[in-house]
Amino acid sequence: AWWLSALILVVFVHDSMPRPLKSVCGWLTLVPALFTAVAVADARAGFLLWMFCIIWAADIGAYFAGKAFGRHKLAPVVSPGKTWEGVAGSTLAMIIVAIVGWFWLTDRSQPLLLAVCVLTGWISIVGDLSESLFKRQAGVKDSGTLFPGHGGALDRVDSLTAAAPFFWLGLKLVGWHA
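These notes cover the structure that comes with them. (Residues numbered from 1 in each chain as written. Predicted model: local features only at pLDDT ≥ 70, side-chain atom pairs only at ≥ 80, totals over all residues. Heavy atoms only, no water.)

Some remarks on the overall build of the protein chain
Filter applied, for reference: Here a strand is any run of E in DSSP of at least two residues, a helix any run of H or I of at least four, and the numbering for each starts at the N terminus. Only protein chains enter the accessibility calculation, which uses a 1.4 Å probe. A residue is then buried if its area is under 20% of the maximum for its type, exposed if over 50%, and partly exposed in between. Contacts are assigned to residue pairs with any non-hydrogen atoms lying within 4.5 Å of each other. Method for areas: the Shrake-Rupley scheme with a 1.4 Å probe, in which residue coverage is limited to the protein chains shown.
Along the backbone of the protein chain there are six helices and two strands. Starting at the N terminus and walking to the C terminus, you meet the elements of the protein chain as α-α-α-β-β-α-α-α. Burial status across the protein chain gives 43% buried among its 178 residues. For the protein chain, contacts bridging at least 24 residues in sequence account for 70% of all contacts bridging at least 6. Carbon and sulfur atoms make up 72% of the accessible area of the protein chain, which totals about 9,800 Å².

Quick notes on the side chain of D128
One can find D128 in helix α5 (residues 112–138). The residues contacting D128, other than those within four sequence positions of it, are D59, K82, D158 and S159.

Describing the packing of aromatic side chains
Here is the rule: For Phe, Tyr and Trp, rings pair up if their centres lie within 6.5 Å, where Trp contributes its six-membered ring, and each pair is then called stacked (planes under 30 degrees apart), edge-to-face (over 60) or tilted (otherwise).
For the structure shown, the criterion picks out six aromatic pairs. Each ring, one from F52 and one from W56, has its centre 5.5 Å from the other, and the planes form 15°; the classification is stacked. Of this pair, F52 and W56 both sit in helix α3 (residues 45–69), four residues apart, roughly one helical turn. For W56, a relative accessible area of 46% translates into the label partly exposed.

Some details on unusual backbone geometry
Even without a glycine there, the phi angle at R108 is positive, about 65°. As for its position among the elements, R108 is in the loop between α4 (84–105) and α5.

What about helix α2 (residues 19–43)?
Selection criterion: Helix span is expected to be 1.5 Å times the residue number reduced by one.
With 25 residues, α2 ought to run about 36 Å at 1.5 Å a step, and its terminal C-alpha atoms sit 37 Å apart, in line with that. Where α2 is concerned, the buried positions are C25, T29, A33, T36, A37 and V40.

Some words on the packing of helix α1 (residues 2–12) against α2
Just so we agree on the cut-off: Helix axes use the C-alpha atoms of the stretch in contact, all axes being lines fitted to C-alpha atoms, and the angles between their N-to-C directions lie in the range 0 to 180 degrees. For classification, angles of less than 35 degrees are called roughly parallel, those exceeding 145 degrees roughly antiparallel, those between 65 and 115 degrees roughly perpendicular, and all remaining angles oblique. Should the near helix be turned anticlockwise from the far one by less than a right angle, the crossing is termed left-handed; should it be turned clockwise, right-handed. Put simply, Ala, Val, Leu, Ile, Met, Phe, Trp, Tyr, Cys and Pro go in the nonpolar bin, Asp, Glu, Lys and Arg in the charged bin, and everything else, Gly too, in the polar bin.
Taken N-terminus to C-terminus, the directions of α1 and α2 make an angle of 130°; their axes are 11 Å apart at the nearest point. On the basis of the axis angle, α1 is oblique to α2. Note on packing geometry: the crossing formed by α1 with α2 is left-handed. Only C25, L28 and T29 of α2 make contact with α1, whose side of the interface consists of W2, W3 and L9. Of the residues contributing to the contact of α1 with α2, the split by class is five nonpolar, one polar and no charged.

As for the side chain of T36
Short version of the rule: Polar contacts here mean pairs of N or O atoms no more than 3.5 Å apart (in protein, one a potential hydrogen donor and the other a potential acceptor; neighbouring residues in sequence count only if both atoms are side-chain atoms).
Turning to its location among the elements, T36 is positioned in helix α2. In this structure T36 comes out as buried when scored by relative accessible area, which is 11%. A distance of 3.3 Å separates a polar side-chain atom of T36 from the backbone oxygen of A33.

Regarding the pattern of salt bridges
Here is the rule we go by: Every case where a carboxyl oxygen of Asp or Glu lies within 4 Å of a side-chain nitrogen of Lys or Arg is listed as a salt bridge.
Counting across every chain of the model gives one salt bridge. D128 is paired through a salt bridge with K82; the nearest N and O atoms lie 3.6 Å apart. Of this pair, D128 sits in helix α5 while K82 is found in strand β2 (residues 79–83), placing the two residues 46 residues apart along the sequence. Judged by relative accessible area, which is 23%, K82 ranks as partly exposed.

Structural notes on a nonpolar patch on the surface
To keep things clear, this is the line we draw: Residues enter patches when their relative accessible area tops 30% and they take part in no salt bridge; the joining distance is 9 Å for like charges and 5 Å for the nonpolar side chains Val, Leu, Ile, Met, Phe, Trp and Tyr.
A contiguous nonpolar surface patch, about 720 Å² in accessible area, is contributed by L49, W56, I60, Y63, F64 and W104. The dominant element in the nonpolar patch, judged by the number of residues it contributes, is α3, at five residues. Mapping I60 onto the fold places it in helix α3.

Digging into α1
Where we set the bar: Directions pointing from the helix axis toward each C-beta atom define the arc.
Listed as buried for α1 are W2, W3, A6, L9 and V10. Angularly, the buried residues of α1 cover 105° about the axis, an arc narrow enough to put them on a single face. Set apart from the buried face of α1 by more than 90 degrees, the exposed residues are L4 and F12.

Taken by themselves, the reported measurements are silent on function.
Below is the structure:
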């Protein structure tokens, strides 16, 4: 529910949000991500790595496809550099990683895990856009200087904050158990 709300914020909110709402957004973004990443690792460490690889593939695929083919802006007010072509590249990369992980980590008796992986990658895009919105709301370009040239620490985990809860929930919904 939170990430659907965050997507609505990305699409419709362009004015400054009240400070209490910004605080709530921060808590709803970071706390569930931490707890669900731990829950996925507790269930099976390989699945945590799989989740990370899906998210990384989505980010890398979006970057390179967007740079090479990007013409149509995804959310120009929130993040002007992101394109629909980047989403296509992201999707292709995450599908490849999802299939590799599915063969490596499962007995392939649950093909719905592949759908969970692809949806997780798409949800990671929402996390990335939401963090961009929060930075714009705060009036900053980068969320820190810990990683120069990379936008800060939040830019390294923005996709994870949305994807981890969704991946964990997806595992539960398809009936995967350790």
